[in-house]
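Now for the letters of each chain:
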Amino acid sequence: MRLSRYFLPLLKETPADATIASHKYMLRAGMIKQNSAGIYSWLPLGLKVLKKIEQIVREEQNKAGAIEMLMPTIQSADLWRETGRYDAYGPEMLRITDRHDREMLYGPTNEDMITDIFRSSVRSYKDLPKNLYHIQWKFRDEVRPRFGVMRGREFLMKDAYSFDLSAEDARRSYNKMFLAYLNTYARMGLKAVAMKADTGPIGGDLSHEFIILAETGESEVFCHADLVNMPPPGELDFDSDLQPLVDERLALYAATDEMHDADAFAKLPSDKQLSARGIEVGHIFYFGEKYSAPMNAKVMNSDGKEVIVHMGSYGVGVSRLVGGIIEASHDDDGIIWPKAVAPFGAGIINLKVGDAEADQVSEDIYNQLVAAGIDPLYDDKSDRGGVKFSRMDLIGLPYQITIGPRGLKEGIVEVKTRATGERQSLAPDAAIKFITSEFAGI
Ligand code: 5CA
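Residues numbered from 1 in each chain as written. Predicted model: local features only at pLDDT ≥ 70, side-chain atom pairs only at ≥ 80, totals over all residues. Heavy atoms only, no water.

### Observations regarding the side chain of Gln75
Assignment of secondary structure puts Gln75 in strand E4 (residues 74-76). When its relative accessible area of 1% is taken as the criterion, Gln75 is described as buried. Within the structure, the side chain of Gln75 is placed 2.6 Å from the side chain of Trp80, a separation counted as a polar contact. Looking at Gln75, its side chain comes within polar contact range of the main-chain oxygen of Thr109, at 3.1 Å. (Helix = DSSP H or I, 4+ residues; strand = E, 2+ residues; numbered from the N terminus. Buried < 20%, exposed > 50% of the residue type's maximum accessible area, 1.4 Å probe, protein only. Polar contact = N/O pair within 3.5 Å; in protein donor to acceptor, adjacent residues only side chain to side chain.)

### Focus on helix H11 (residues 385-395)
The complete set of buried residues in H11 reads Lys388, Arg391, Met392, Asp393, Leu394 and Ile395. One or two steps after H11, the chain reaches Gly396, where phi turns positive at roughly 75°.

### Overview of the nonpolar core
Ranked by internal contacts, the top residues of the largest apolar core, which has 72 residues, are Met31, Ile53 and Trp337. For this core, the leading source of residues is helix H6 (residues 167-187), giving nine residues. With sequence-adjacent residues up to four places away left out, Ile53 is seen in contact with Met188, Val318, Leu321, Val322, Ile325 and Val341. Counting 26 residues, the second-largest nonpolar core is a separate cluster that includes Met113, Val122, Phe285 and Val299. (Core = buried A, V, L, I, M, F, W, Y, C linked by side-chain atoms within 4.5 Å. Contact = heavy atoms within 4.5 Å.)

### Describing the packing of helix H2 (residues 44-63) against helix H9 (residues 318-328)
Running from N to C, H2 and H9 point in directions that differ by 110°, and their axes come no closer than 9 Å. The pairing of H2 with H9 is recorded here as roughly perpendicular in orientation. As H2 packs across H9, the resulting crossing turns out to be right-handed. Facing Val49, Leu50, Ile53 and Glu54 of H2, the residues of H9 in contact are Val318, Ser319, Leu321, Val322 and Ile325. Of the residues contributing to the contact of H2 with H9, the split by class is seven nonpolar, one polar and one charged. (Axes fitted to C-alpha atoms, helices over the stretch in contact; angles between N-to-C directions. Parallel < 35°, antiparallel > 145°, perpendicular 65-115°, else oblique. Left-handed = near helix turned anticlockwise from the far one by under 90°. Nonpolar A, V, L, I, M, F, W, Y, C, P; charged D, E, K, R; others polar.)

### Quick look at a negative patch on the surface
Taken together, the side chains of Asp198, Glu220, Asp257 and Glu258 make up a negatively charged region of the molecular surface. Positionally, Glu220 belongs in strand E11 (residues 219-224). Assessed through its relative accessible area of 34%, Glu220 is described here as partly exposed. (Patch = residues over 30% accessible without salt bridge, like charges linked within 9 Å, V, L, I, M, F, W, Y side chains within 5 Å. Areas by Shrake-Rupley, 256 points an atom, 1.4 Å probe, with all protein chains shown as cover. Salt bridge = Lys/Arg side-chain N within 4 Å of Asp/Glu carboxyl O. Lys, Arg positive; Asp, Glu negative; His and termini not counted. Charge placed at Lys NZ, Arg CZ, Asp CG, Glu CD.)

### A short note on the layout of surface pockets
Put simply, the largest pocket is a space of about 940 Å³. In terms of lining, the largest pocket is formed by 46 residues, of which the most central are Arg140, Arg151, Glu280, His283 and Arg320. Looking at the lining of the largest pocket, the elements that each hand over two or more residues are strand E8 (154-164), E11, strand E13 (273-288), strand E16 (310-317) and H9. Grouping the amino acids of the lining of the largest pocket by side-chain chemistry returns 17 nonpolar, 15 polar and 14 charged. Reported here for the second largest pocket is a volume of approximately 350 Å³. Along the walls of the second largest pocket sit 13 residues, with Leu10, Leu11, Lys12, Val387 and Arg391 positioned nearest its centre. In terms of residue count, H11 provides more of the lining of the second largest pocket than any other element does, four residues in total. Taken together, the residues that form the lining of the second largest pocket break down as seven nonpolar, one polar and five charged. (1 Å grid on protein atoms, 1.4 Å probe; cavity = no way out; pocket = protein on both sides within 12 Å on 5 of 7 lines; lining within 4 Å. Points joined across faces, edges and corners; volume = space filled by probe spheres on them.)

### A look at the packing of aromatic side chains
For the structure on display, the rule yields 15 aromatic pairs. Ring geometry for Trp80 against Tyr89: centres 5.7 Å apart, planes inclined by 80°, an arrangement best described as edge-to-face. Here the two residues Trp80 and Tyr89 agree in accessibility, since each one is buried. Note on Phe287 and Tyr291: the rings are 4.9 Å apart at their centroids and 80° apart in plane angle, and the pair reads as edge-to-face. Through pairs of rings, three or more aromatic residues link up here, namely Phe178, Tyr181, Tyr185 and Phe210. (Phe/Tyr/Trp six-rings, centres within 6.5 Å; stacked < 30°, edge-to-face > 60°.)

### Some details on unusual backbone geometry
Here Leu128 and Pro129 are connected by a cis peptide whose omega angle stands at -5°. Topologically, Pro129 is positioned in the loop between helix H5 (111-119) and strand E7 (130-139). Despite not being glycine, Phe147 has its phi angle at roughly 60°, a positive value. Mapped onto the fold, Phe147 is located in the loop between E7 and E8. A relative accessible area of 17% means that Phe147 is categorised as buried. Unlike most non-glycine residues, Asp375 shows phi in positive territory, near 55°. Note on placement: Asp375 falls in the loop between helix H10 (356-371) and strand E20 (377-379).

### Comments concerning the site of the ligand
The environment of the ligand is formed by 23 residues, the closest being Thr109, Glu111, Arg140, Glu142 and Glu280. One of the side-chain nitrogen or oxygen atoms of Glu142 is found 2.8 Å away from a nitrogen atom of the ligand. His283 places a side-chain nitrogen or oxygen 3.2 Å from an oxygen atom of the ligand. Among the secondary structure elements, those contributing two or more residues to the shell around the ligand are E8, E13 and E16. It is E13 that provides the largest number of residues to the shell around the ligand, a total of five residues. Of the residues that constitute the shell around the ligand, the class distribution is nine nonpolar, seven polar and seven charged. (Near = heavy atom within 4 Å.)

### Quick notes on the environment of Arg102
Turning to its location among the elements, Arg102 is positioned in the loop between strand E5 (94-97) and strand E6 (103-106). Once residues lying within four places of it in the same chain are set aside, the contact partners of Arg102 are Ile96 and Thr97.

### So, the sheet that holds E4
Read across the open sheet, the three strands follow the order E4-E6-E5; overall the sheet is antiparallel. With partners counted over all chains shown, the strands left at the sheet margins are E4 and E5, one partner each. Mean inter-strand twist for the sheet, computed between neighbouring axes without regard to direction, equals 35°. (Pairing = 2+ DSSP bridges.)

Structure (structure tokens):
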């Protein structure tokens, strides 16, 4: 993409209501624009990151055997009456009346709807287990939407729903998601810890939140320090018994504020007691028959008897993750995108647009990086060098290649790695080779 043709509305001033790094940088870097409280447009740069995160989530869900579908944002109140949640959900639910005076709502979650879809087609234990998911916008009329996309009213969620014949089988489905989540966050360059959690309006008795540590996080959390650097499970056989891998993690103390057990925590060695703030980037629940019983979602078991299915649900805060990744990866100059989610792989800075040689070399590098699949952003605007450098630092692309007449006299360009600030003077070909090799396997 050529910057001169792109839509990148950067802000010079930080809007006063933006108090945390991710909110400030997302606004300043032209990633989002607020349209109403807690409701945002995703501008082109922001949308690219959102889509990359979405794709990583999708790939890891698919590997774990979950099946993608898409449910609507607008739901009928009738289903929610069946489970008793229409009244229980309270003012967070956006209620809408259509022209026929039918009560509708903008979905804050989908347990009720998916249970209806399931019960209307699945009849036999032979069709179990099933895990269906979608990546869809949700609406929750939060009292205090804040921190930009971190606590929005409209936000993008991946929500998966599992159906099993027994509590034991449901635990297997839970374990798949538990481990798939750890792999998902690791791919985004995040260190997420699974912590015992309260279940809130979703309900159930087994639940974990996935938390990334950040000073600006809204949750207070407590965990064994070793969990933070524990490597993700990696490649898994999802048909095998995953309990030992889950147990390995559950053996170490980790709980959110609501589930905190101060006595158990105090028993940890003092240098392992980590009490910190965190961002909830995912939440998984096992709630058994909470929805399937009132909605009569049953299958025939192998004895020909009808049994109520056991369910769980599994959420990832896709849009919140965009902010969460920035909280985990930025400096005073701007965002530092992990390679896997960066909106463009590299930025090309032409310091002297109009100079025949600088233009030629910049175009060459641009074309070669495009061909190599790096998806570069070429700053072909005629601004001063300082403006170009700070703009590129702000938007945080992993690599910057600077091309100027002075370097070209010696046949070199400069490559800067955004995360470390390391600069290398390289011939254009070597610069391309270096960047391409850095993206191998991403
Ligand atoms: N149905 C279940 C799981 S599928 C559910 O709704 N769980 S949840 O309420 O915990 O939400 C799942 C994830 O969505 C959370 O972990 C969080 O990362 C994200 N999320 C929740 N509320 C918001 C919000 N207001 N703004 C942005 N992300 C949110």
